[in-house]
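Listed below are the residues making up each chain.
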Amino acid sequence: MTICSAPGKIFLCGEHAVVYGEPAIACAIDLRTRVSIQESLDTSITSKLGRGIDRHPYVLKAIERMKMLTEFDGVKVKIDSEIPPESGLGSSAAVTIATLSAINMEFDVGLSDEEIAELGHSIEVEIQGAASPTDTFISTMGGVVLMPSRRRLKNLDYGFVVGDTGKTSSTKELVGRVSLLRERYPDVVQMIFNAIGAIAKRGEHLIEEGDCSAIGELMNINQGLLESLGVGCPELSAQIYAARDAGAFGAKITGAGGGGCMVALVSHDHAEKVAKAIEEAGGRAIKARVTEVGVATEDE
Ligand code: MEV
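On a predicted model such as this, the values are computed, not experimentally measured, just so you know.

Undergrad: Could you give an account of the layout of surface pockets, naming the residues involved and the relevant values?
TA: The calculated volume of the largest pocket comes to roughly 1000 Å³. If you trace the largest pocket, you find 49 residues lining it, with Tyr 58, Pro 85, Glu 86, Ser 91 and Ser 92 closest to the centre. Of all the secondary structure elements, the ones that give two or more residues to the lining of the largest pocket are β1 (2-13), α1 (57-67), β5 (74-81), α2 (91-106), α3 (113-128) and α5 (171-184). Among the elements that line the lining of the largest pocket, the one with the most residues is α2, at four residues. Per-class residue counts for the lining of the largest pocket are 20 nonpolar, 20 polar and nine charged.

Undergrad: So what about the site of the ligand? Which residues, and what values?
TA: Around the ligand lies a shell formed by Lys 9, Phe 11, Glu 15, His 16, Val 18, Val 19, Ala 131, Ser 132, Asp 135, Val 175, Gly 255 and Ala 256. Note that an oxygen atom of the ligand is positioned 3.2 Å from one of the side-chain N or O atoms of Lys 9. In the model, an oxygen atom of the ligand is placed 2.6 Å from a nitrogen or oxygen of the Ser 132 side chain. Among the residues making up the shell around the ligand, the classes are represented as six nonpolar, three polar and three charged.

Undergrad: Can you break down the sheet that holds strand β9 (residues 250-254) residue by residue, with the values?
TA: In spatial order, the strands read β9-β10-β8-β11; together these four strands make up an open sheet with antiparallel pairing. Each end of this open sheet is capped by a strand with a single partner; those strands are β9 and β11 (284-288). On average, each strand axis in the sheet is tilted by 25° relative to the strand beside it, whichever way the strands run. In this structure, β9 lies alongside strand β10 (residues 261-266), joined through five bridges in antiparallel fashion. Paired with Gly 250 across the two strands is Leu 265, which belongs to β10. Sheet strands touched by helix α9 (residues 271-280): β8 (159-164), β10 and β11. Its angle to β11, the strand with the most contacts, is close to 155°.

What counts and what doesn't
- Residues numbered from 1 in each chain as written.
- Predicted model: local features only at pLDDT ≥ 70, side-chain atom pairs only at ≥ 80, totals over all residues.
- Heavy atoms only, no water.
- 1 Å grid on protein atoms, 1.4 Å probe; cavity = no way out; pocket = protein on both sides within 12 Å on 5 of 7 lines; lining within 4 Å.
- Points joined across faces, edges and corners; volume = space filled by probe spheres on them.
- Helix = DSSP H or I, 4+ residues; strand = E, 2+ residues; numbered from the N terminus.
- Nonpolar A, V, L, I, M, F, W, Y, C, P; charged D, E, K, R; others polar.
- Near = heavy atom within 4 Å.
- Polar contact = N/O pair within 3.5 Å; in protein donor to acceptor, adjacent residues only side chain to side chain.
- Pairing = 2+ DSSP bridges.
- Axes fitted to C-alpha atoms, helices over the stretch in contact; angles between N-to-C directions.
- Contact = heavy atoms within 4.5 Å.

It is worth stressing that arrangement in space is one thing and function is another; only the former is reported here.
In structure tokens, the structure reads:
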């Protein structure tokens, strides 16, 4: 039996625009999904969602792809995740990457981490229609990364408070909605993407300098631009304003939006206060830190 785990992620800036090639900065966070794989005559998948292979399209696709690279009849899969599903924290990428990696090790397939990240991305594209390589790359490699160049940036000394609305959202649907807006107003939407890309370019230098108040200010501007793309919702806005009022450097949607999660950048002194404000605004607050650890094997 092999157990692998992979982290979730937050976007400091750049979601949606990154699908069209603009720069974005994402960070792996210390919430993980663990997948255990054991060779078996047939395939079964067990998780908090229950037992049943149809509920886990990413895992099924990962097994199917690995079967093209090595021979096995089936696998017994057990999933245990700290990442809320369909919430913009990269739960699909984490389960895909942990599954690919555990099968890779269990059957000595010999794929490198780069190849696992690439395979994971192609699975997301196949299932979602369109996806940037961000979620799968960060989940594989960990750390703070500038996409699409994949440049590793300095670790952030500050923490995050994630606010989960509990309202699930479909990345595929949200990406589709932005794509329709772009078709209707290509000139306008392209300028919004350019502005989001400019935030990531500035963010790259601000991270090196450790200037968290400027990063926070740019996160707030990024939030305004995400709103203009139509991916906000009242629950997210309530938590974003509450976090800012409680002293966060900045706060915005993370991931596809339309529900899911917001993220606030906070100093250690403010983390508790911001978490409380998010809870009072109706969210479930989760304190998180950047992790350098991407996909990794775990003891049984
Ligand atoms: C989803 O976590 C982030 C989006 O930018 C989609 C993607 O990058 O694939 C909305």
